[in-house]
Structure formats: C-alpha cells, structure tokens
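# Structure at a glance
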Amino acid sequence: MIALDAVGGDRAPGEAVAGAVEAARQLRIPIALVGPRNVVENELARHADAPRLEIVEAGQIIAMDEPPTQAVRQKRDASINVAMRMLKSGEADAVVSAGNTGALVASALLNLGRLPGIHRPAIGALLPSTEHGVLLLDAGANAECKPSYLVQFAYMGSAYMERMFGISRPRVGLLNIGEEDNKGNDLAQDVYPKLKKANLNFVGNVEGKDIARNMVDVVVTDGFTGNVAVKMSEASVEFVLSQLKRVLGEGFRNRLAALALSDSLRGVIRRLDYSEYGGVPLLGVNGIVIAAHGRSDAKAFKNALRIAREAVGAGILEALSTIPRK
C-alpha cells in the first residue's frame, strides 16, 4: 500500500487523485488517499470508472508557503503527518507527496526518524543524462553540510542507483568548479580525500557540464548548491522544450519534419520531462519516502507512485541500512 498525500502540491487534489486513479487502473498499485474525506471524495466522484481506492481522513493541510517545521509540529492531523504515521505503523509501505518539501522532510524526521547512524537525510534528484539519469544529492534538505554528510550521501546514492537501476558500482562524482583535486571551497577540498578513500567508485570532481555527459551515475554536493543546480537544470529543460515546440510548429516544412521525426522526438522529450521521472527519494529516513515535484500533474503523480512501489520492491531501505556509518 502506498500512502499518497492527496492534498499536497500546487495542483492537488485534482491532479493527485487523477494520478492515483491512473496508477491504480494501469499499474495495479494499491493506494490510500490521505486528506480531508469530503475533498478527496469530491475529486474521486469526477472519475466514474475509478478503481476502488482507500481514503484516510486527515483534517489539516500544510500549505506550500507555511514554515515547515512549525507547521508539522502544530498540525498533527495534517495529511503528510497522517501518511507518515501510516508508514511508521506498517499500514503503508511508502509515502508519496508533492507538498511543501520542507514539511515532508520535517514530518519524516519527526514521525520516522533517521536510519541508525545516518547523520542527515538527503533529497535525491534525477537529472537528465543517460537512460536512467544521474542522481544528485543533496537537492535541498541540508543547506550546510559537513564532509561526513557528503560521504554518506555518496553511499546512499550508490545504493539507490544500484538497487533501482541495476548499476554495478555506480560512478560517484563530487560537484565542483574544476576537475583538479585542489579545486573548490573548504567543504569540497575536505571531502575529496575522504571520498577517495571510501569503498566507492569515486571518479573525482565533476563540473556542472559533466552531469549530462554520462560521466557519473551519482553526484554529491551540499543542499544549497544542489538545489540551485537542480532548479537551473529544470529551467534549461523547459526552455529547450518550449523552443523546440515553437520551431517545429512554424511553417509546413517544419511541421512535416516534426511528423517524420515524431517517434524520435517523443523519446527525447520523455528523457527530459520531469513528469516521466515521477518523484525523487528522501534517503536516510527510516522508511520509503518519495517527493514529487510541486507542479506535478496526473502523469507525474502516477510515475511517483510507480517509483515508490519499485523502491519498496528493490529493497532500498534494506540496502541503506548496510552502508558505513562513519
């Protein structure tokens, strides 16, 4: 059972419920919709042929602009808290939410806690690159980091990519302003030798331009830098796709070329479209938690639910429980 925060996200509950209906119908995923019952029931009523979905009452909602930690502590009956408690009690196998990311992290820490020995949880973000993408972490959970945090991020990212995508010895890179060993700020210079000594397939420093060049499978950095990198990547992809759509729609010959290349273009767009990736993992907490994009539509919610089920089946939590704790 996957617990979906049905009222989390800019386009919830409509797109969240629609995505859950698609996931249940097409992928046969058992889902519990968590939120105010009347709100969720009204959305489900729009889907006359919807499979049977469980509704779990949650009387409060945490808005996207609320102070995360304060809201999580004050609103014990918020949908994200109820979903996390379901995961903690074993009623759910994973949680998916597109709501306030800070609240997601705070709720996971409050209700689930960290895995033993893990210093800080990290948000992973899949950036377009190869067929499976590159996992960057941290993407925003920890603005300030110590070298030991980044080493654990590297181990967690490696375990995730190995279990989810079958990559043997994933290549790990340290995001930096140059390839040389002595580049970067104090954090980058301090953590470099530690990553080199770790039992990882560490390939050294990588620059932002290298992420999309199939040079690494995992990139580690602090949450401040990682969040900037992820947002810049998203904006660049949106720009490229908008320009591609504009050019291919101009004139008869361009439209004809677009028609001839339609299959290839669809493949490229799928690789760049964040909704195809669905959601990203919050690694290091004691449960499978998937953060979907705040602007998620029905397709993105469906794929986030798919990712959650795959993470459970791949034994991600068990893999993370075995990484070094130093």
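See above for the structure.
Because the structure is predicted, anything quoted here is derived from the model rather than measured. (Residues numbered from 1 in each chain as written. Predicted model: local features only at pLDDT ≥ 70, side-chain atom pairs only at ≥ 80, totals over all residues. Heavy atoms only, no water.)

## Overview of the overall build of the protein
Counting its secondary structure elements, the protein contains 13 helices and 12 strands. Looking at the protein as a whole, 51% of its 326 residues qualify as buried. The long-range share in the protein, meaning contacts at least 24 apart out of those at least 6 apart in sequence, stands at 72%. As displayed, the protein has an accessible area near 15,000 Å², and 51% of this comes from carbon and sulfur atoms. (Helix = DSSP H or I, 4+ residues; strand = E, 2+ residues; numbered from the N terminus. Buried < 20%, exposed > 50% of the residue type's maximum accessible area, 1.4 Å probe, protein only. Contact = heavy atoms within 4.5 Å. Areas by Shrake-Rupley, 256 points an atom, 1.4 Å probe, with all protein chains shown as cover.)

## Examining the sheet that holds strand β3 (residues 54–57)
What holds strands together in a sheet is hydrogen bonding between their backbones, with the strands either parallel or antiparallel. Read across the open sheet, the seven strands follow the order β3-β2-β1-β4-β12-β11-β5; overall the sheet is mixed. Only two strands of the sheet have a single neighbouring strand rather than two, namely β3 and β5 (122–123). Summarising the sheet, strand β1 (residues 2–5) and strand β2 (residues 31–35) pair through four bridges and their orientation is parallel. Across the sheet, D5 pairs through a bridge with V34, a residue of β2. Against the sheet, helix α12 (residues 298–313) makes contact with β1, β2, β4 (94–97), β11 (279–283) and β12 (288–292), and its axis sits at roughly 160 degrees relative to β12, the strand it touches most. (Pairing = 2+ DSSP bridges. Axes fitted to C-alpha atoms, helices over the stretch in contact; angles between N-to-C directions.)

## A look at the packing of helix α6 (residues 147–165) against helix α7 (residues 186–197)
How two helices sit against one another is set out by the angle between their axes and by the gap between those axes. Where α6 contacts α7, the axes come no closer than 9 Å and their chain directions differ by 50 degrees. In terms of axis orientation, α6 runs oblique to α7. Once α6 is placed against α7, the crossing between them reads as right-handed. Within the contact between the two elements, α6 uses P147, L150, V151 and A154 and α7 uses L187, D190, V191, K194 and L195. (Parallel < 35°, antiparallel > 145°, perpendicular 65-115°, else oblique. Left-handed = near helix turned anticlockwise from the far one by under 90°.)

## Notes on the packing of helix α4 (residues 79–89) against helix α5 (residues 101–111)
At their nearest, the axes of α4 and α5 sit 9 Å apart, and the two run at 40 degrees to each other. Taken together, the axis directions place α4 and α5 in an arrangement best described as oblique. The chirality of how α4 crosses α5 is right-handed. Residues I80, N81, M84, R85 and K88 of α4 form the contact with α5, whose participating residues are L104, S107, A108 and N111. Looking at side-chain class alone, the contact of α4 with α5 contains four nonpolar, three polar and two charged residues. (Nonpolar A, V, L, I, M, F, W, Y, C, P; charged D, E, K, R; others polar.)

## Some words on the packing of aromatic side chains
On inspection of all chains with the given rule, the structure shows one aromatic pair. Between Y192 and F202, the aromatic rings sit 5.3 Å apart at their centres with planes inclined by 75 degrees, giving edge-to-face as the arrangement. You can see Y192 sitting in helix α7 and its partner F202 sitting in strand β9 (residues 201–206), a full 10 residues away along the chain. Both residues of the pair, Y192 and F202, belong to the buried class. (Phe/Tyr/Trp six-rings, centres within 6.5 Å; stacked < 30°, edge-to-face > 60°.)

## Structural notes on α5
Residue pairs spaced three or four apart in an α-helix point in one direction, given the helix's 3.6 residues per turn. Residues A103, L104, V105, A106, S107, A108 and N111 constitute the buried set of α5. The secondary structure elements touched by the buried residues of α5 are α3 (68–74), α4, β4, β5, β11 and β12. Its side-chain oxygen at 3.0 Å from the backbone nitrogen of G102, N100 defines the N-terminal cap of α5. Directly beyond the C-terminal end of α5, a positive phi value near 80 degrees is found at G113. (Polar contact = N/O pair within 3.5 Å; in protein donor to acceptor, adjacent residues only side chain to side chain.)

## Looking at α6
Under the 1.5 Å per step criterion, the end-to-end length of α6 is 27 Å for 19 residues, consistent within 8% with the ideal 27 Å. Counting buried residues in α6 gives 14 out of 19 residues, a clear majority hidden from the surface. (Expected span 1.5 Å × (residues − 1).)

## As for the sheet that holds strand β10 (residues 218–220)
Spatial strand order, β6-β7-β10-β8-β9: five strands in an open sheet with mixed pairing. Taken across any chain shown, the strands that pair with only one partner, and hence form the sheet edges, are β6 (125–127) and β9. In this sheet, adjacent strand axes meet at a mean angle of 30 degrees when their direction is disregarded. Of the pairings in the sheet, the one linking strand β7 (residues 134–137) to β10 comprises three bridges and is parallel in character. Among the inter-strand pairings, L136 is bridged to a residue of β10, identified as V219. The sheet strands contacting α6 are β6, β7, β8 (171–175) and β10, and the helix crosses β10 at an angle near 160 degrees. Contacts between α7 and the sheet are confined to β8, β9 and β10, with β9 contributing the most and set at about 155 degrees to the helix.

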